[in-house]
Amino acid sequence: MVGLETKINDFVVKFANVNGTGSASANLLFTKSIFRMGLFVSPKNFFPSNIQGLPTWYEVRVNDKGYLGRRDGVDLMVAVNAQSLLADVQSVKPGGYLLYDSTKMLHSDYIREDINYIGVPLMEMCNKEFTDPRQRLLFKNIMYVGALSALLDIEFSVLEDLIKEQFAGKEKLIAPNIKALTLGSDYIKANYKYPLHIRVERRNLTDNMIMMEGNAACGLGAVYAGATFAAWYPITPSTSVAEAFNDYCEEFRVAEDGKHNYAIVQAEDELAAIGMAIGANWNGARSFTATSGPGLSLMNEFLGLAYYAEVPVVLVDVQRTGPSTGMPTRVQQSDVMEAAYASHGDTKHILLFPSTPKECFEMTADAFDLAEQLQTPVMVMTDLDLGMNDHVCEELVWDESRKFKRGKVLTAEDLDKLGSERYGRYLDVDRDGITYRTIPGTHPTKGAYVTRGTSRDEYATYTEEGPPYERNMERLIRKFETAKSYVPAPQVYHPENEADYGIIFYGTSTQSAEEAIDLLKQKGVHLDALRIKSFPFNKTVEDFIDAHDKVFVVEQNRDAQLRSLMLIEIGASSKKLIPILNYEGLPITADLIMQKIEKKLPRTRKKANTLQ
């Protein structure tokens, strides 16, 4: 075999399958087994936007250093899709391995001298051992997981336990699945030297950690935040947010008498969905919707209404590529500018940028508090990678003593205390831009007002006069300034700011950016780092930019949208903020970030951190 360098707990396995053949559960079984052995694992699912028939890939990075971003290069390719085989062979790193179904002989076009081939007659064995056509298709996938258990030294008992857990209550399926695993493992042991030079060793690195999809975490966060109503329209990749909310409500929101303490509506389109959510919030419920870029475009008009009428609403935006339909099942941080200024006219919205499922849970819950405290839309900006892939993160924790922050809501008693004083829905009593609101029906005679999307004065009385409109718009921007002290502060990695150059990143660019910082440090390039968690930006962001000669801004879109926000809102120099971009639709890698930053540095330099 070529390429004998031993790699323990540091490699990438990629599965090439056909969409709709049941490979997802087998691939997840592989991923979970690595996690159960106490190792960090980062799976990425690359799937087509059709229902079935086209190639799909599932890429798993294994390491014991805590790096959770995607890594370039494939060490072991499990190639069981003839459609993509030629490209799959070419993607293997020199010295790497290709595991393929040897039921049929490989054509010479697929042979490389610098990689190792592992043939397992998967279909032949399935046809021999199983009679049901559907089982033959499914167990072929389980069989290659069994082969990998021997090749990579995965503890077989871990796989057995996972099978038993998966099919608890369906015990008849346990034995044939374990049989398929055993067939794959036994074939390797009988025909190949094992384990390979890339393999796993048990560690205890993932204690008190979980694997979870970001969309599920958002749905759970909404439940814990007290949301009782959701309206949505199906769109990839956000659909599972509403589905998760429904599942968790069925578990946690059904009373002993069987009454459902929640309502979920699948609307006729995205515009109707957010309209319903806004209406429910106006009536005092905590309500939300979820969508992706095309849906966000349709929701712009209602977002403007909620901003101007000052009605709380939460929107989870699971970003994908654009414009138009783009690549529906590929990832980008593509909606940042649209979300920040959604709607016509002068609008500015609150954005939150989670980077892990734990933060999806926490920030979704926080979004409901922020929306009510600030009486405005709040958008949780995740993306397809975070939303639909499993991520290793710390366990979710909820403070049982936590109280909902409903903001400036007047009770009937508060209204009675006003006496003869006239209630002004849009009066800025505290000079922070945030006015006092009432829930409809709070008082039989006081606190009522008509909310609308047209201009009004401080008492919610319709007017088209210029001065009241100006006062209202100035108050709204004052409220936006107040929001800077409410939203999550950025994460500062190096408070001393000793380096000449900095790097800013957010969302799912975080894990790869953190690794790139370490890689560059090994080469003598030192960067101070800042992670953006929210918009509007507080003074920490401005101070960080001012403290450095140049700042690299890492993003997964073409137009450097977060950088554009900083140029607009902070007034930073465009020459000072250097974009580091990735927009091919696959998650950004540390290698790409490092290479693009290095290109901005001279090849020969007397000291580190000198830009061209």
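Residues numbered from 1 in each chain as written. Predicted model: local features only at pLDDT ≥ 70, side-chain atom pairs only at ≥ 80, totals over all residues. Heavy atoms only, no water.

Asks: How do you make sense of the sheet that holds strand S17 (residues 491-492) when you look at a structure like this?
Replies: Two orientations exist for strands paired in a sheet by backbone hydrogen bonds: parallel and antiparallel. Across the sheet, 5 strands lie side by side as S17-S19-S18-S21-S22; this open sheet has mixed pairing. The strands lining the two open edges of the sheet, one partner per strand, are S17 and strand S22 (577-581). Here strand S18 (residues 501-506) pairs with strand S19 (residues 527-532) via 6 bridges, running parallel. Bridging from a neighbouring strand, Gly502 pairs with Asp528 of S19. Each of S17, S18, S19, strand S21 (550-555) and S22 touches helix H17 (residues 539-546); the most contacted strand, S19, lies at about 160 degrees to it. (Pairing = 2+ DSSP bridges. Helix = DSSP H or I, 4+ residues; strand = E, 2+ residues; numbered from the N terminus. Contact = heavy atoms within 4.5 Å. Axes fitted to C-alpha atoms, helices over the stretch in contact; angles between N-to-C directions.)

Asks: Honestly, the packing of aromatic side chains in this entry has me stumped. Any pointers?
Replies: In this description, an aromatic ring pair is defined by two values, namely the gap between the centres and the angle between the planes. On inspection of all chains with the given rule, the structure shows 18 aromatic pairs. Centre to centre, the rings of Tyr224 and Phe361 are 5.5 Å apart; their planes meet at 75 degrees, and the pair counts as edge-to-face. Of the two residues, Tyr224 is situated in helix H7 (residues 214-224) and Phe361 in helix H12 (residues 357-374); the sequence distance between them amounts to 137 residues. Judged by relative accessible area, Tyr224 falls into the partly exposed class, the value being 30%. Measuring from centroid to centroid gives 6.4 Å for Tyr248 and Phe252, while their planes differ by 15 degrees, and the two rings are stacked. (Phe/Tyr/Trp six-rings, centres within 6.5 Å; stacked < 30°, edge-to-face > 60°. Buried < 20%, exposed > 50% of the residue type's maximum accessible area, 1.4 Å probe, protein only.)

Asks: Looking at this structure, how should I read the environment of Asp161?
Replies: If you trace the backbone, Asp161 turns up in helix H5 (residues 156-166). A C-alpha to C-alpha distance of 17 Å links Asp161 and Leu39, two positions 122 residues apart in sequence.

Asks: I tried to follow the packing of helix H1 (residues 23-36) against helix H4 (residues 133-151) on my own but got confused; where do I start?
Replies: Pairs of packed helices are described in terms of their axes, by the angle between the two and the distance that separates them. Axis separation between H1 and H4 bottoms out at 8 Å; the angle between their running directions is 20 degrees. Here H1 lies roughly parallel to H4, going by the angle between them. Seen from above, H1 lies across H4 with right-handed handedness. On the side of H1, the interface is formed by Ser23, Ala26, Asn27, Leu29 and Phe30, while H4 contributes Asn141, Ile142, Tyr144, Val145 and Leu148. Residues that form the contact of H1 with H4 fall into these classes: 7 nonpolar, 3 polar and no charged. (Parallel < 35°, antiparallel > 145°, perpendicular 65-115°, else oblique. Left-handed = near helix turned anticlockwise from the far one by under 90°. Nonpolar A, V, L, I, M, F, W, Y, C, P; charged D, E, K, R; others polar.)

Asks: Could you clarify how one ought to interpret the nonpolar core in this entry?
Replies: One recurring pattern in soluble globular proteins is that nonpolar side chains are buried together. Counting residues in hydrophobic clusters, the biggest one holds 81 residues, and the most contacted among them are Phe288, Phe353, Ile504, Ile532, Leu562 and Met566. The greatest single-element share of this core, amounting to 9 residues, is contributed by H12. Those residues in contact with Phe353 that lie beyond four places of it in its chain are Val336, Glu359, Met363, Met381, Tyr506, Gly507, Arg531, Ile532, Lys533, Ser534, Phe535 and Leu562. Membership of the second largest hydrophobic core comes to 54 residues, among which are Tyr58, Val60, Phe139 and Ile174. (Core = buried A, V, L, I, M, F, W, Y, C linked by side-chain atoms within 4.5 Å.)

Asks: Would you explain a negative patch on the surface in this entry?
Replies: Negative charge collects at one region of the surface, where Glu243, Asp247, Glu250 and Glu251 lie side by side. With respect to the helices, strands and loops of the structure, Asp247 is situated in helix H8 (residues 239-252). Overall, Asp247 belongs to the partly exposed group, its relative accessible area being 47%. (Patch = residues over 30% accessible without salt bridge, like charges linked within 9 Å, V, L, I, M, F, W, Y side chains within 5 Å. Areas by Shrake-Rupley, 256 points an atom, 1.4 Å probe, with all protein chains shown as cover. Salt bridge = Lys/Arg side-chain N within 4 Å of Asp/Glu carboxyl O. Lys, Arg positive; Asp, Glu negative; His and termini not counted. Charge placed at Lys NZ, Arg CZ, Asp CG, Glu CD.)

Asks: What is the right way to read the pattern of salt bridges from this model?
Replies: Oppositely charged side chains are able to pair whenever their charged atoms sit close together. This model, assessed by the stated rule, comprises 35 salt bridges. For the salt bridge of Asp385 with Lys44, the shortest nitrogen-to-oxygen distance reads 3.0 Å. Placement of the pair is Asp385 in helix H13 (residues 384-388) and Lys44 in strand S3 (residues 40-46), with a sequence separation of 341 residues. Between Arg286 and Glu372 there is a salt bridge, with the nearest N and O atoms lying 2.8 Å from each other. Of this pair, Arg286 sits in the loop between helix H9 (270-282) and strand S12 (287-291) while Glu372 is found in helix H12, placing the two residues 86 residues apart along the sequence. Taken individually, Arg286 and Glu372 each receive the classification buried, so the pair is uniform in this respect. Connected through salt bridges with shared partners, the residues Arg286, Asp366, Asp369, Glu372, Arg402, Arg406 and Arg437 form a single ionic network.

Asks: I would appreciate a short explanation of the pairing of strand S15 (residues 377-383) in the present structure.
Replies: The side chains of a regular strand alternate, residue by residue, between the two faces of the sheet. Most of S15 is tucked away, with 7 of its 7 residues classed as buried. Neither face of S15 is open: one carries Pro377, Met379, Met381 and Asp383, the other Val378, Val380 and Thr382, and all of them are buried. Relative to S15, strand S13 (residues 313-319) runs parallel, the two sharing 7 bridges. From the neighbouring strand, Val313 faces S15, where its bridge partner is Pro377.

Asks: How should the packing of H1 against H5 be read in this particular structure?
Replies: Closest axis-to-axis distance for the H1/H5 pair is 9 Å, and the angle between their directions is 125 degrees. Classed by the angle they form, the pair H1 and H5 counts as oblique. The two elements H1 and H5 meet at a crossing, and its hand is right-handed. Taking contact as the criterion, the partners of Ser25, Leu29, Lys32, Ser33 and Arg36 in H1 are, on H5, Val158, Leu159, Leu162, Ile163, Glu165 and Gln166.

Asks: What is the right way to read the confidence of the model for the protein chain from this model?
Replies: Predicted coordinates in regions of low pLDDT should not be interpreted in detail. Looking at the protein chain as a whole, its pLDDT mean stands at 95, while 97% of the residues score no less than 70. Counting contacts from residues 604-608, a segment whose pLDDT is below 50, to residues more than four positions away or on other chains yields 7 contacts. (pLDDT = per-residue confidence, 0-100.)

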